[in-house]
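Residues per chain are reported as follows:
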Amino acid sequence: MKILVINCGSSSAKFQLFDIDTGAVLAKGNAERIGIDGKLTYKPAGKEDFVSTEPMPDHKVAVQMILDALVDKDHGVIADVSEIAAVGHRVLHGGKYYSESVIVDDDVKRIIRECFPLGPLHNPANLIGIEACEDVLPAGTPQVAVFDTAFHQTMPAKAYTYALPYELSEKYSIRRYGFHGTSHRYVSHRVADFLGKNYEDLKIITCHLGNGSSFAAVKDGKCQDTSMGLTPLAGICMGTRTGDIDPAIVPFLMKNENLSADEMDTLLNKKSGVEGVSGVSSDFRDLEKAANEGNERAQLALDMFAYQGKKIIGSYAAAMGGADVIVFTAGIGENTDKMRKAMCEGLEYMGVEFDDEANNGLRGKEAIISKPSSKVTVCVIPTNEELAIAQETERLVR
Ligand code: AMP
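The structure presented is a predicted model; accordingly, all values stated were derived computationally and were not measured.

Novice: Explain the pairing of strand β8 (residues 143-147) to me, please; I cannot follow it from the model alone.
Specialist: Note on strand geometry: in a regular strand, side chains alternate between the two faces of the sheet. Counting buried residues in β8 gives 5 out of 5 residues, a clear majority hidden from the surface. Of the two faces of β8, the one carrying Gln143, Ala145 and Phe147 and the one carrying Val144 and Val146 are both buried. Note: strand β7 (residues 102-103) against β8, 2 bridges, orientation antiparallel. Directly across from Val102, in β8, lies its bridge partner Ala145.

Novice: I keep staring at unusual backbone geometry and nothing clicks. Help me out?
Specialist: Trans peptide bonds make up the majority, and among non-glycine residues the majority have a negative phi. In this structure, Arg33 takes a positive phi of about 55° despite not being glycine. By secondary structure assignment, the location of Arg33 is in the loop between β3 (24-32) and β4 (39-44). We classify Arg33 as partly exposed; its relative accessible area is 39%. Phi is positive for Ala330, close to 75°, though the residue is something other than glycine.

Novice: Mind showing me how you'd approach the packing of helix α2 (residues 106-114) against helix α3 (residues 123-136) here?
Specialist: The geometry of a pair of packed helices is captured by two quantities: the angle between their axes and the separation between those axes. Close contact between α2 and α3 brings their axes to 9 Å; oriented N to C, the two are set at 155°. On the basis of the axis angle, α2 is roughly antiparallel to α3. Between α2 and α3 lies a crossing of left-handed hand. Listed contacts from α3 to Lys109, Ile112 and Arg113 of α2 are Asn123, Leu127, Ile130, Glu131 and Glu134. In terms of residue class, the contact of α2 with α3 is built from 3 nonpolar, 1 polar and 4 charged.

Novice: Please explain the site of the ligand as it appears in this structure.
Specialist: Taken together, Gly210, Asn211, Asp283, Phe284, Arg285, Ala330, Gly331, Ile332, Asn335, Thr336 and Arg363 make up all the residues around the ligand. Between Asp283 and the ligand, the recorded distance is 3.5 Å, taken from a side-chain N or O atom to an oxygen atom. Within the backbone of Phe284, a nitrogen or oxygen atom sits 2.8 Å from an oxygen atom of the ligand. When the ligand sits alone it has 500 Å² of accessible area, and the protein chains cover 75% of it. Judged by the proximity of its atoms to the pocket grid, the ligand belongs to the second largest pocket. Of all the elements in the fold, those that place two or more residues in the shell around the ligand are α10 (284-292) and α12 (330-335). The element best represented in the shell around the ligand is α12, accounting for 4 residues. Among the residues making up the shell around the ligand, the classes are represented as 3 nonpolar, 5 polar and 3 charged.

The rules behind the values
Residues numbered from 1 in each chain as written. Predicted model: local features only at pLDDT ≥ 70, side-chain atom pairs only at ≥ 80, totals over all residues. Heavy atoms only, no water. Buried < 20%, exposed > 50% of the residue type's maximum accessible area, 1.4 Å probe, protein only. Helix = DSSP H or I, 4+ residues; strand = E, 2+ residues; numbered from the N terminus. Pairing = 2+ DSSP bridges. Axes fitted to C-alpha atoms, helices over the stretch in contact; angles between N-to-C directions. Parallel < 35°, antiparallel > 145°, perpendicular 65-115°, else oblique. Left-handed = near helix turned anticlockwise from the far one by under 90°. Contact = heavy atoms within 4.5 Å. Nonpolar A, V, L, I, M, F, W, Y, C, P; charged D, E, K, R; others polar. Near = heavy atom within 4 Å. Polar contact = N/O pair within 3.5 Å; in protein donor to acceptor, adjacent residues only side chain to side chain. Areas by Shrake-Rupley, 256 points an atom, 1.4 Å probe, with all protein chains shown as cover. 1 Å grid on protein atoms, 1.4 Å probe; cavity = no way out; pocket = protein on both sides within 12 Å on 5 of 7 lines; lining within 4 Å. Sits in = over half its atoms within 2 Å of the grid points.

Structure, rendered in structure tokens:
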């Protein structure tokens, strides 16, 4: 069965075509600068890459160009678009409505639209992508919405409720939603398989450390808590996002720096985090290099990231009554042995015996990085959100 996965942004559409029976990626690419000029980068497996700069005035044209590339006689990978059994769409926000992926119908589209205020940058683009596929693919091709928030919908009220006036929270649907759900779901299931353990029997702490970073506590096969909140700004400090700060800092800076709400939003999301602290970069490779060269603020930013991550891990162990597995994933989690070690340092009290030898130099591979005697098994599991979306799509349409 062939499944097309699409991740639509306001001016881009990233895609991968999977043969889900083998897990192989037949082709992948990105349609960028939609509505500006247009650039399609297309990488078919076993064939020459291909770049087109034909104009892309809207997402419908972009999706049509992607389909044309997939069936092209020179660099295509399928004979006809009818071979695409279904399309899986990454959708940022499903609000409180979806704890699972769903086949798209009019009701689903209405809810994605209803969640525009909760995901103003992503949800409109996600819906445009769905409608572009409806317009361009053969009638009746099923489409599936896979929500970034869905996995976290099992959190209990005490974990997702903010201590604001209850009526205001209800009026504006303000609560913790959490994000990266597709990744947390994928790596938590995958680590149970990898260890040969029953998912429902494990207390798992998943650490998705990338450009955006979030943690989840998974117990009894359900997400119990997560570090991102109403928006992906909450939790640990990130590349350019503050993470959790004293909320009183917001009005303080707005008053003293004479900032508008939009300017404050930009400061919190785009000018803060490890980049804001270090003044160097949001990229952990640059930070590690600068810290090695003696840059104290780069070292401070790395120390803050490790310290805040450790505190979240400790708090999730407390919330679940212990932990059996800690799993690291995403760009930083998969690639930086130093950060994994720093985050686990001092966790001996809760049963972590870290294995330096297994950890040192490990990159992008499934592995155990704790000692065999460790009560808590620490693992690296590379995430694969596109494959997870394809698998969810296949499960629903089969
Ligand atoms: P992601 O959002 O999962 O793509 O992660 C991207 C981030 O991972 C980058 O901004 C880097 O900070 C980090 N990263 C990727 N590769 C490495 C590496 N080899 N060493 C350190 N950090 C890395």
